[in-house]
Every structure is written in structure tokens, then in C-alpha cells.
Amino acid sequence: MILFRKFRVLIVMVFLIACTMHIMIDLLPKLEKRAAGPGTAGNSGCSCSHRPSEEPQSWGKQRARTGAESGWPDKHTLRILQDFSNEPSSNLSSYSLEKNTGLADKTEAFKRLEQYPRHGNTEKQFIQDTNTNKNQPVKGYSKLNFLFENSLYKMQVPGLTDEDTLFNVNTDIRFNPKAAENQEWQNEGNDEEEYVPTGEPSADSYPNWLKFHIGINRYELYSRHNPVIDSLLKDLVSQKISSVAMKSGGTQLKLIMTFQNYGQALFKPMKQTREQETPPDFFYFSDFERHNAEIAAFHLDRQILDFRRVPPVAGRLVNMTKEIRDVTRDKKLWRTFFLSPANNICFYGECSYYCSTEHALCGKPDQIEGSLAAFLPDLALAKRKTWRNPWRRSYHKRKKADGSRLLDVMDMTIFDFLMGNMDRHHYETFEKFGNETFIIHLDNGRGFGKHSHDEISILVPLSQCCRVKRSTHLRLQLLAKEEYKLSELVEESLLQDKLMPILIKPHLEAMDRRLRVVLKVLSDCIERDGYNNVVENDLDSANANT
């Protein structure tokens, strides 16, 4: 105490000097940087408030907002998805940063990020830049546009009467959400968010999913280059999801998603990476249903083959926490959510195959890819008839079919063979149109499973019946030419989807190979039975000389 009293002034002075030195040491780098000016503040030119190894502040704010849910990780906005194979790297997506880039590549990626102007969240700017590069439109020559200039892709359907349209807009359609609701069409918003009709609303004011339903007719689900379909595809990837429920029936898990505008879509989650093939020991009925196969089938049917018999499908990256778990009223689905040892959000639902913890669907940490297929009109409004696929039955080669049903089955056979889809037991048509209508190409998820194998048994209906529409035959011949080339057309069309690339190169090349097989089968039929006995002229007089 005596020493402290004698030297207390000296002790205080030493303490003050030490504090002053610490403060100067902390401020010295910032003062030097400010003196050097903004143009010479290092080579990186980065004014970010965090280093690449640190989290942006916005993520911290996001975690603070969702912190009440302890045990659930925060949302990562990078598209890194799980590979559901049994390989050691099964927790990595085929396009994940961990799998495809090393540490040096990641550093380079962040350096490129720093070169872009920052408006708001820099992490979002990085993702937007990446997607922009991936979705660059095809510059210069477009094979799709060249294809659409061909007269085969300009043919019009016959004039429509009231008997040829699925709905009469004036008498059948009244958009009243309350009247349209069923147990799965739940309104999650308030009354101000509802579409409440005032007076007699015009069809132009209807949501895109209803315009799609109204446009269905005897000959097609939608017209060629219909802008409503493009708008509906945008809705599928952008509309807020208000409720989710498991679809009853079926062998694998599928979800019914209802949007804020009362539209509905069937969600098939990602189960395999793009590179994985169906194991050779799998029976076709136990094969995975692939979300990218649904997307590719829609583009092949709508744009390339010009059938327009597949309902609109788009790929979407879904937040499993906010857009499935938090909005579902299905307790059976909600109970299957869990946190994996890798801190990823997972769920498995209830179904006949692959609905267990061993086959759970996991995000990275809570983001998952999937396909969304727009719903057809409710069966209460537009009944559909289910038919057993008649390819097992025997048809006389030269007997003309009543109507176009047999020829439509041949179209479907060719469509399935190009995709390698063996899962076509039944098909559906709209009951209102009787036999004189098209076959709806539903449920294409088991296509594109094996690019290294062509399942010739799928073509048995074509080789046995030896019948085909002239329009289909001409299009197939066109797609076999080098200036068009089926694989390149499909690849260009799939660039329009947000989850591109949808198919890897071997699957695209397999379609070219299978197209040659189809044309060889038809060539053999024509050589044996004669052109007029094989090729049915379905072109009107204006297109007869195409």
C-alpha cells in the first residue's frame, strides 16, 4: 500500500501510455489506407465489409430473424444440392462448388465477384451473375428459330366450335376462388389478397393457370408459341407457395403445391444427379422418377415434336423449410422432417418406394431442385377417361383405325422411345371429346434413365402396327438432318429452364441415335407394306405438298 501510494501517479501514467499505444496501433492501418487514396488501396479493389471466408452481414441478420427455430441451420443461397447415390461423395451435387472447384478456384471466383458493383447483398449479386452467365441466350444462329420457320411448324388446327373446346368461357367459367376450393386449395392469405370478382370479369383478368385451362381443345393442350404458357412457366418458378400436401397414390413421393393465385402444380423433387444412370438390376417400375426428365419431356413434346400434349413443366429451386415445412398442413409430411448429421434439412414423406430415412430428400442445407407440372382442370369440371395402353393387343396392319387413336399411340411410342421411358401402362383423354381427340402425355419422370442403352421393346407397337402420321414422319426426317439435329434443338430449348443444364451430353446424343432407329423401323415398314399403307396423311390440302 505504501509503494502504491508513492508510485500511483507513475502507474496511472504507464496505463494511459499503454492504452494510447494500443489505440494508435489499431488506427494506423486505416489512416495509412485513407492517406493512400481509394485508387491504391491494394490490388483487389474490394470494398466488401467481409472477407471471402466470412459470412456477409445480411446472413447474420437472416439468422437473427429465424433464430427462434433452434437446431435449424440458416438458409444458404448457393445452389449446392445433394447427390443421393451411395458413393462416398453422395452429399455433393454434380454441380456443387465443393465437388467441382478446389480452394484456388473458389478464391478466383470470389476475386471475380469483387470486380462487380455492389448493390445490396453481395452474395446475391454473385448468384445473379452466375445465373446470368449460364442463361445467356444463344448468340447469332438459332436452330430453334430455323426449325419454326419450316412449314411443318406453322400448320394450324381446324376451326374450333363449342364442341371442340373443353370449356365455354361465357357459361362454364366463373373465376371464384371460394367456389373452386377443395380440401387442398387452402387460402393462406387474408381477404385482401383474394381474387374477388367484381361484376363480370373478362378472361384477360384470369390468372395464367386458368387461361391455360380455358385454351384446351380437342386437338391440343395449348396452341403453338402461346404467350400464356410462357407466363405460366414463369408463375411456376416465382409464385409464392401457400400450401403443400402429399399426393395420394403412386409409388414415389410427390407433392401438391398450391400458389397464392390458387393455381396448383405437382412437385417432383430431385432424387438423382444428372450423371447417374438407372442401375442395370433395377426393374423399370422401381426406377427413380427424375425431375429433369419431366422438364426435358415437356420441351421435347412442345417445341421439337410439336405434339403439345404434355402439361407445362418448369424447374424450381425450393426452400424446404420456408416453402414446404412451414406451409404444409399435412401432419404426416411435417413429421418426417429431420436434421441430418451433415446439418442439412431432410424429409421423406409417405409412399410405396423410397420413403424412409435411408432415402430421404435432403437439401444443402435446405434448398432442393424439383420439377413443377401445372395441374390440368379438376376432374369435377373436366372428366378424363383412362385407357389401358393397347400396344399389347394385336392390330391389323392395313386396317385403318377409327379416328386418330392408334396414330396417337404411335406418336406416344416414338416420344417414349426417344426418352427411354418404359413406364406407360395407361393413358388419358378428355371424356368430352370422345375418341376424336389427342392422348395426354402425363408422368414422364422415368425417362432419360439410361443413355447407354436403347430399350427396343418400347418400339414394339410401331414395328407391329407399322402406322404413323405423315406430319410425324416428316418431322422425324427433318430432325435427322444435320442442319436441324434433334439433340442440338433439345439442348437449345432446355436453356430456357432455370435449372439448366437439364440433360447431360450423352442423353442428348442418345436421342439422335434413337431417332435413327425409329426411322429405320418406319423405312422397313414402308419397304414391306408400301408407303400409303404405313403413312396416314393427316395434313390438310394447304400442307399436303410439304
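Residues numbered from 1 in each chain as written. Predicted model: local features only at pLDDT ≥ 70, side-chain atom pairs only at ≥ 80, totals over all residues. Heavy atoms only, no water.

Caption draft 1: Main features of the pairing of strand 1 (residues 241-246). The buried count for strand 1 comes to six of six residues, which makes it a mostly enclosed element. Relative to strand 2 (residues 255-259), strand 1 is paired through five bridges, and the arrangement is antiparallel. Residue pairing in the sheet places serine 243 in a bridge with threonine 258 of strand 2. (Buried < 20%, exposed > 50% of the residue type's maximum accessible area, 1.4 Å probe, protein only. Helix = DSSP H or I, 4+ residues; strand = E, 2+ residues; numbered from the N terminus. Pairing = 2+ DSSP bridges.)

Caption draft 2: Region of the structure containing the sheet that holds strand 7 (residues 361-362). Taken together, the three strands give an open sheet; going across it, the order is 5-6-7, and neighbouring strands pair in antiparallel fashion. Taken across any chain shown, the strands that pair with only one partner, and hence form the sheet edges, are strand 5 (338-339) and strand 7. Of the strand pairs in this sheet, strand 6 (residues 345-347) and strand 7 are connected by two bridges, and their pairing is antiparallel. Residue pairing for strand 7: phenylalanine 347 is matched across the bridge by leucine 361.

Caption draft 3: Structural view of the state of the cysteines. Enumeration over the complete set of coordinates arrives at three disulfides. Each sulfur of the disulfide joining cysteine 466 and cysteine 525 lies 2.0 Å from the other. Between cysteine 466 and cysteine 525 the sulfur-sulfur dihedral comes to about -60°; the bridge is accordingly left-handed. Placement of cysteine 466 in the loop between helix 14 (460-465) and strand 11 (468-469) and of cysteine 525 in helix 17 (residues 505-529) is noted, with a sequence separation of 59 residues between them. The pair cysteine 466 / cysteine 525 is uniform in exposure class, with both members buried. Along the protein chain, the cysteines engaged in disulfide bonds are linked according to the scheme 1-4, 2-3, 5-6 when indexed in sequence order. Just so you know, cysteine 465 is unpaired, no disulfide at all, and the nearest cysteine sulfur is the one on cysteine 466, 8.0 Å from it. (Disulfide = S-S within 2.5 Å.)

Caption draft 4: Representation of the packing of aromatic side chains in the model. Scanning the model with the defined rule gives 10 aromatic pairs in all. Geometrically, the ring pair formed by tyrosine 222 and phenylalanine 298 is edge-to-face, given 6.4 Å between the ring centres and 65° between the ring planes. Taken as a pair, tyrosine 222 in the loop between helix 8 (208-214) and helix 9 (227-238) and phenylalanine 298 in helix 10 (residues 291-304) lie far apart in primary sequence, 76 residues in all. Neither tyrosine 222 nor phenylalanine 298 differs from the other in exposure class; each is buried. (Phe/Tyr/Trp six-rings, centres within 6.5 Å; stacked < 30°, edge-to-face > 60°.)

Caption draft 5: Layout of the pattern of salt bridges. Counted by the stated rule, this structure contains 29 salt bridges. Note that aspartate 423 is salt-bridged to arginine 446, the shortest N-O span being 2.7 Å. Within this pair, whereas aspartate 423 is found in the loop between helix 13 (405-419) and strand 10 (426-430), its partner arginine 446 is found in the loop between strand 10 and helix 14, the two being separated by 23 residues in sequence. Each member of the pair, aspartate 423 as well as arginine 446, is classed as buried. Beyond isolated ion pairs, a larger network of salt bridges with shared partners links Glu220, Arg224, Asp306, Arg308 and Arg475. (Salt bridge = Lys/Arg side-chain N within 4 Å of Asp/Glu carboxyl O.)

Caption draft 6: A look at helix 10. Between the first and last C-alpha of helix 10 there are 19 Å, a value that for 14 residues agrees with the 20 Å anticipated at 1.5 Å per step. With respect to burial, helix 10 is a largely interior element, 14 of its 14 residues being buried. (Expected span 1.5 Å × (residues − 1).)

Caption draft 7: View of the sheet that holds strand 3 (residues 264-269). The strand order 1-2-3-8-4 describes an open sheet built from five strands, whose pairing is antiparallel. Whereas interior strands pair on both sides, the edge strands pair on one side only; in this sheet they are strand 1 and strand 4 (313-319). Each neighbouring strand pair of the sheet contributes to a mean axis angle of 35°, computed without reference to strand direction. Of the strand pairs in this sheet, strand 3 and strand 8 (residues 367-374) are connected by five bridges, and their pairing is antiparallel. In the strand pairing of strand 8, phenylalanine 267 is matched with leucine 372. Most of the contacts of helix 9 go to strand 4, to which it runs at about 15°, and overall it touches strand 2, strand 3, strand 4 and strand 8. (Axes fitted to C-alpha atoms, helices over the stretch in contact; angles between N-to-C directions. Contact = heavy atoms within 4.5 Å.)

Caption draft 8: Up close: the UniProt feature "transmembrane region" (unreviewed entry) in the protein chain. The residues that UniProt annotates with the feature "transmembrane region" (unreviewed entry) are residues 7-25. Taken end to end, residues 7-25 is 100% helix and 0% strand, and its first and last C-alpha atoms sit 27 Å apart. (UniProt positions renumbered as here; feature names shortened; annotations may be inferred.)

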